[in-house]
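Chain by chain, the residues run as shown.
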Amino acid sequence: MLTGDFYRLINPFGSNECAWQVVSKDLSESFVLYSRILSVPNPNLTILKLRGLDKSSQYKDVETGTIYGGDELMFYGIALSPLAMDYSTLTIRLKKIE
């Protein structure tokens, strides 16, 4: 993934959140980093739309085992758990299911 495509999903200079994504050149893996700068009481559900995936493939979240369609991740997005502390981060690692 060192030579993959890099996407800025949420601009850190325009909101209280930021998110970046790297997708391998063969679209088989993706790594997402999401961060909330300052915590918010009762935050709204955050839906993060990913980019650059193979829309006809399925991807598995390595940590949770949840399976998503590439089209689902790009057009609907992924619901993120609320982060409770200032400068909290969340990472997601996805692998394509062959």
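Residues numbered from 1 in each chain as written. Predicted model: local features only at pLDDT ≥ 70, side-chain atom pairs only at ≥ 80, totals over all residues. Heavy atoms only, no water.

## Observations regarding the pattern of salt bridges
No. 1: All chains considered together, the criterion is met by 4 salt bridges.
No. 2: With a closest N to O distance of 3.4 Å, Lys96 and Asp54 form a salt bridge. One end of the pair, Lys96, is in strand 8 (residues 88–97); the other, Asp54, is in the loop between strand 4 (46–48) and strand 5 (58–61), with 42 residues separating them in the sequence. (Salt bridge = Lys/Arg side-chain N within 4 Å of Asp/Glu carboxyl O. Helix = DSSP H or I, 4+ residues; strand = E, 2+ residues; numbered from the N terminus.)

## Description of the sheet that holds strand 3 (residues 29–36)
No. 1: A sheet is described by the order of its strands in space; here 6 strands give the open sequence 1-2-3-8-5-6, paired in antiparallel fashion. Bordering the open sheet on either side are strand 1 (5–10) and strand 6 (67–69), each of which pairs with just one other strand. This sheet shows a mean twist of 25° between the axes of neighbouring strands, independent of strand direction.
No. 2: Here strand 5 pairs with strand 6 via 3 bridges, running antiparallel. Of the residues in strand 6, the one forming a bridge with Lys60 is Ile67. (Pairing = 2+ DSSP bridges. Axes fitted to C-alpha atoms, helices over the stretch in contact; angles between N-to-C directions.)

## A closer look at the nonpolar core
No. 1: In terms of nonpolar packing, the biggest core is built from 19 residues, with Leu9, Leu48, Leu50, Leu53, Leu73, Ile78 and Leu94 touching the most fellow members.
No. 2: Looking at this core, the elements that each hand over two or more residues are strand 1, strand 2 (17–23), strand 3, helix 1 (70–75), strand 7 (78–80) and strand 8.
No. 3: Considering each element in turn, this core owes the most residues, 3 residues, to strand 1.
No. 4: If sequence neighbours within four positions are ignored, Leu73 has contacts with Leu48, Lys49, Leu50, Leu53, Tyr59, Tyr68, Ile78 and Leu94. (Core = buried A, V, L, I, M, F, W, Y, C linked by side-chain atoms within 4.5 Å. Buried < 20%, exposed > 50% of the residue type's maximum accessible area, 1.4 Å probe, protein only. Contact = heavy atoms within 4.5 Å.)

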